[in-house]
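Listed below, chain by chain, are the residues.
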Amino acid sequence: MAGLGRFVIFASIAAALALIVAYGGGARPAKQGLQRPVAVGAGPLGRDDFWALVDHSATWGQDADAQLADLRTSLRRLTPSQIAAFQGYFDEAMIRSYRWDLWGAAYVAKGGASDDGFEYFQRWLISRGRTDFERVLADPDALADLAIPDAQSDLEFEAFGYVAPDIWSAKTGQALSQMPEADVRPRPSAPSGTPFKKETSHLAARYPKLWKRFGTWL
């Protein structure tokens, strides 16, 4: 029994040392996601429901594949009309975030942002969940405070915008073009607000926190 006790102690110490080695450089365990699904009633899908579903998927953190799988699982539980409503709220969030000041923040954080690059950045920001989305809309420079990787190839999530249409099409057997249009205003032809200037002096003054973290890429 004494030998068994010593073995258990040594095994515990080894496990603890393994965790120290794994996370001693500042890394953190990956999020594992919420296992309990979001409860959505049989009635119309509301804006709060939309964000609850997005927030649930966002608990997977940087694991994009797991987040997409989580959202697909959630949407498959919905009716076609609810899925269409989900897409409507997604489009609404895309319109709200179609702003020059936010594009400028993405430009600094990503080391540049084309039309498509900014659109995929918008999808990424929505995928982060309601709190992060509203926080960055209120102050684009707050993007620097999010737990985002220091890599120019990140901050995009193109596939997040395709989940609802794909699930709706699979559920109804209809083409994506037949998906009902949500009652939201059409996407404007240009972002709202004043275009940002690409001069480094302007970007450093407009986005001080982002410039401090990512400005060396420009």
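Scroll up for the structure.
All values derive from a computational prediction rather than experimental measurement.

Caption draft 1: Representation of the overall build of the chain. Within the chain one finds 10 helices and 0 strands. Listing the helices and strands of the chain from first to last along the sequence gives α-α-α-α-α-α-α-α-α-α. With 218 residues in all, the chain has 39% of them scored as buried. When contacts within the chain are restricted to residue pairs at least 6 apart in sequence, those whose partners lie at least 24 apart make up 73%. With the model as given, the accessible surface of the chain reaches about 12,000 Å², and the carbon-plus-sulfur share is 55%.

Caption draft 2: Molecular detail of helix α6 (residues 115-127). Relative to the 18 Å expected for 13 residues at 1.5 Å per residue, α6 spans 19 Å between its end C-alpha atoms, a close match to the ideal helical length. Among the 13 residues of α6, 10 are classified as buried, and the element is accordingly described as predominantly covered. Burial in α6 covers these residues: G117, F118, Y120, F121, Q122, R123, W124, L125, I126 and S127. Those residues of α6 hidden inside the fold are in contact with α2 (47-58), α3 (64-76), α4 (80-96), α5 (100-110) and α7 (130-138). In the stretch just after α6, G129 is the one whose phi turns positive, near 110°.

Caption draft 3: Structural view of the packing of aromatic side chains. Within this structure, the stated rule accounts for 13 aromatic pairs. Aromatic side chains W103 and F118 sit 4.7 Å apart centroid to centroid with 10° between the ring planes, which places their arrangement in the stacked category. Separated by 15 residues along the polypeptide, W103 in helix α5 and F118 in helix α6 bring together distant segments of the chain. For W103, a relative accessible area of 7% puts it in the buried group. Each residue in the set Y98, W100, W103, Y107, F118, F121, W124 and F196 is aromatic and connected to the rest through ring pairs, giving one cluster.

Caption draft 4: Structural context of the environment of P44. Examined against the element boundaries, P44 turns out to sit in the loop between α1 (2-23) and α2. Here P44 falls in the exposed class, since its relative accessible area comes to 80%. Put simply, P44 and A85 are 41 residues apart on the chain and 7.8 Å apart in space, counted from C-alpha to C-alpha.

Caption draft 5: Summary view of the packing of α5 against α6. The contact between α5 and α6 brings their axes to 10 Å, and the two run at 95°. Looking at the two axes, α5 sits roughly perpendicular to α6. Packed against α5, whose contacting residues are L102, W103, A106 and K110, the element α6 presents D115, G117, F118, F121 and L125 at the interface. Along the lines of polarity and charge, the residues of the contact of α5 with α6 split into 6 nonpolar, 1 polar and 2 charged.

How each quantity is defined
Along every chain, residues carry numbers that run from 1 in the direction the sequence is written. In view of the model being predicted, local features appear only for residues whose pLDDT reaches at least 70, and side-chain atom pairs are presented and counted only at 80 or more, with totals across whole chains, interfaces and linings using the full set of residues. Think of the side-chain values as coming from all heavy atoms in the structure, minus any hydrogens and water. The helix count covers DSSP runs of H or I at least four residues long, the strand count covers runs of E at least two residues long, and both are numbered beginning at the N terminus. A simple rule labels every residue: compare its accessible area, found with a 1.4 Å probe on the protein chains alone, to the largest value its type can have, and call it buried under 20%, exposed over 50%, or partly exposed in between. The contact criterion used throughout is that any non-hydrogen atoms of two residues lie within 4.5 Å. A 1.4 Å probe and the Shrake-Rupley method give the accessible areas. Residues count as covered only by the protein chains that appear here. Helix span, expected: 1.5 Å multiplied by one less than the number of residues in the helix. We call Phe, Tyr and Trp rings a pair once their centres come within 6.5 Å, taking the six-membered ring for Trp, and we label the pair stacked below 30 degrees between planes, edge-to-face above 60, and tilted otherwise. The axes are straight lines fitted to the C-alpha atoms, using for helices just the contacting stretch, and the angles between their N-to-C directions are given from 0 to 180°. We call two directions roughly parallel when the angle between them is under 35 degrees, roughly antiparallel when it is over 145, roughly perpendicular when it lies between 65 and 115, and oblique otherwise. The classification used treats Ala, Val, Leu, Ile, Met, Phe, Trp, Tyr, Cys and Pro as nonpolar, Asp, Glu, Lys and Arg as charged, and all other residues, Gly among them, as polar.

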